[in-house]
Amino acid sequence: MRFAVVQFGGSNCDRDTLYVLEEVCGVDTDLVWYKDGLQRNYDGIVLPGGFSYGDYLRAGAIAARTPVMQDILRHAREGRLILGICNGAQIGSEAGLIPGTFTLNAYPKFISRHVYLRVENDTSPFTAGYRKGDVIRVPIAHKEGRYVAAPDVVDRLNREDRIAFRFCDENGAVTPESNPNGSTENITGVLGGDMCNVMVMMPHPERASESALGSDAGIRIFTSMIAHVEQQK
Amino acid sequence: MKYDVTITIALKEGMLDPEARAIRHALANLGFETEALRTARLFRLTLDAPSAEDAAAEAEKMCERLLANPVIHHYTVEVAE
């Protein structure tokens, strides 16, 4: 099993993610510079957080159109696991890996704090380690993290059980007050790909992967991915 | 022929425009009351193309491939010689 973390100019959560995969989860992981492309097939690929290309034009827009994304789209078509975190989520949506997009927060400033998420799907390769309805505490850090999609797209996501996480309060209630950035229906984790083998999310699970960080609630995303790959082998 | 192209990218009608809201609020603090305010992004570029129509078509491709996000934006293209 081998994972990759793809670095773009301006990525800044790449080494944190590498650390979690290698040191905490024990998975062989390559840090791949986007210009080098993917030189082999990977079981899991993470597009990490950061500010690729300075978030010029729109967050993730320029990185989403670099040649390495063709490799990543191919991996997605082949059913391999792709996780986009924060800027990686923006890159993933700009590349069409999931429907809808992320744009400027409803209150247009950078938000960095812990939030609560309600787990909405417990069957995907990314969320199987949770139970539906679990409430987890993870940090967000973004200015363009408001998920927007047309009503028919949101209906389809609901119907196909493709919403992974919603912002909620500490009791799991999904309310306008618990929605930090104005995302449509509090959605902040979306599943894509034919086999739900793609997930993008604005919160940072890698920053909540060890109890020393104040929360280890995010680690199960990575361990779920690893368990899924093991089951496929 | 060289053509000067102006591309305007704006949020679709009905899309929340947080920047516009903040700017409108700041204008109000300065005593300028506005009924509505929207922001847009403008790109000016020069293209070498066989005709104005070709220049416009090229600019539209740029909008579709990169400059606009069809989920939230619409765009207009103006071409001048």
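Just so we're clear, the structure is a prediction, and the values are computed from it rather than from any experiment. (Residues numbered from 1 in each chain as written. Chains lettered and ligands numbered in written order. Predicted model: local features only at pLDDT ≥ 70, side-chain atom pairs only at ≥ 80, totals over all residues. Heavy atoms only, no water.)

S.K.: For the sheet that holds strand β3 (residues 73-80) of chain B, give the residues involved together with the corresponding values.
M.R.: All names here are of chain B. Ordered in space as β2-β1-β3, the three strands form an open sheet in which the pairing is antiparallel. Looking at the sheet topology across the chains shown, the edges are occupied by β2 (40-48) and β3. The sheet shows a mean angle of 20 degrees between the axes of neighbouring strands, taken without regard to direction. Bridge count for strand β1 (residues 2-11) against β3 is eight bridges, and the pairing is antiparallel. Bridging across to β3, Leu11 finds its partner in His73. (Pairing = 2+ DSSP bridges. Helix = DSSP H or I, 4+ residues; strand = E, 2+ residues; numbered from the N terminus. Axes fitted to C-alpha atoms, helices over the stretch in contact; angles between N-to-C directions.)

S.K.: How would you summarise the interface of chain B and chain A if you had to cite specific residues and measurements?
M.R.: Contacts between chain B and chain A engage 16 residues on the former and 15 residues on the latter. Roughly 1,200 Å² is buried in total at the junction of chain B and chain A, and carbon and sulfur atoms are behind 63% of that figure. The tally of links between chain B and chain A comes to zero salt bridges. Between chain B and chain A we count seven residue pairs in polar contact (both at pLDDT 80 or more) in total. (Contact = heavy atoms within 4.5 Å. Buried area = accessible area lost by both parts, 1.4 Å probe. Salt bridge = Lys/Arg side-chain N within 4 Å of Asp/Glu carboxyl O. Polar contact = N/O pair within 3.5 Å; in protein donor to acceptor, adjacent residues only side chain to side chain.)

S.K.: I'd love a proper account of the nonpolar core, names of residues and values included.
M.R.: All names here are of chain A. Membership of the largest hydrophobic core comes to 69 residues, with the highest contact counts inside it found for Val6, Phe8, Ile72, Leu83, Phe165, Met199 and Ile221. The element that contributes the greatest number of residues to this core is helix α5 (residues 219-232), accounting for six residues. Setting aside chain neighbours within four positions, we find Ile221 in contact with Leu83, Phe126, Tyr130, Phe165, Met199, Met201 and Pro205. (Core = buried A, V, L, I, M, F, W, Y, C linked by side-chain atoms within 4.5 Å. Buried < 20%, exposed > 50% of the residue type's maximum accessible area, 1.4 Å probe, protein only.)

S.K.: How would you explain the pairing of strand β3 (residues 44-47) of chain A if you had to name every residue and give the values?
M.R.: Residue and element names in this part refer to chain A. Alternating positions in β3 separate into two faces, Gly44 and Val46 on one and Ile45 and Leu47 on the other, with burial throughout. Two elements, strand β1 (residues 2-7) and β3, share three bridges in a ladder whose sense is parallel. Looking across to β3, one finds that Ala4 is bridged to Ile45. Crossover connection from β3 via helix α2 (residues 68-77) to parallel strand β4 (residues 81-85): handedness right-handed. (Right-handed = clockwise from strand over helix to strand, strands pointing away.)

S.K.: Provide a residue-level description of the packing of aromatic side chains, including the pertinent values.
M.R.: Residue and element names in this part refer to chain A. Overall, the coordinates contain six aromatic pairs over all chains when judged by the stated rule. Between Trp33 and Tyr34, the ring centres sit 4.9 Å apart and the planes meet at 65 degrees, which makes this aromatic pair edge-to-face. A relative accessible area of 34% places Trp33 in the partly exposed class. The class of Tyr34 is buried, set by a relative accessible area of 13%. Measuring from centroid to centroid gives 6.2 Å for Tyr130 and Phe165, while their planes differ by 85 degrees, and the two rings are edge-to-face. Residue Tyr130 is found in the loop between β6 (111-119) and β7 (135-142), and its partner Phe165 is found in strand β9 (residues 163-168); the two are separated by 35 residues along the sequence. Each member of the pair, Tyr130 as well as Phe165, carries the same accessibility label: buried. Ring-pair connections join several aromatic residues into one group, and the members of that group are Phe8, Trp33, Tyr34 and Tyr53. The ring of Tyr42 carries the charged tip of Arg40 above its face, separated from the ring centre by 5.6 Å. (Phe/Tyr/Trp six-rings, centres within 6.5 Å; stacked < 30°, edge-to-face > 60°. Lys NZ or Arg CZ within 6 Å of the ring centre and 35° of its normal.)

S.K.: Explain the pattern of salt bridges to me, and be specific about the residues and the numbers.
M.R.: Residue and element names in this part refer to chain A. Within the structure shown, the criterion is met by 13 salt bridges over all chains. As a salt-bridge pair, Glu94 and Arg65 come within 2.9 Å of each other at their nearest N and O atoms. Separated by 29 residues along the polypeptide, Glu94 in helix α3 (residues 87-94) and Arg65 in the loop between β3 and α2 bring together distant segments of the chain. Residue class for Glu94 comes out buried when judged on its relative accessible area of 10%. Take Arg65: its relative accessible area is 33%, and that puts it in the partly exposed class. The shortest N-O distance in the salt bridge between Arg166 and Glu185 comes to 2.9 Å. With a gap of 19 residues between them, Arg166 in strand β9 and Glu185 in the loop between β9 and β10 (187-192) connect regions that are remote in the sequence. On the basis of relative accessible area, Arg166 is assigned to the buried category, the value being 9%. Look at the salt bridges and you will find they share partners, linking Arg118, Glu120, Arg166 and Glu185 into a network.

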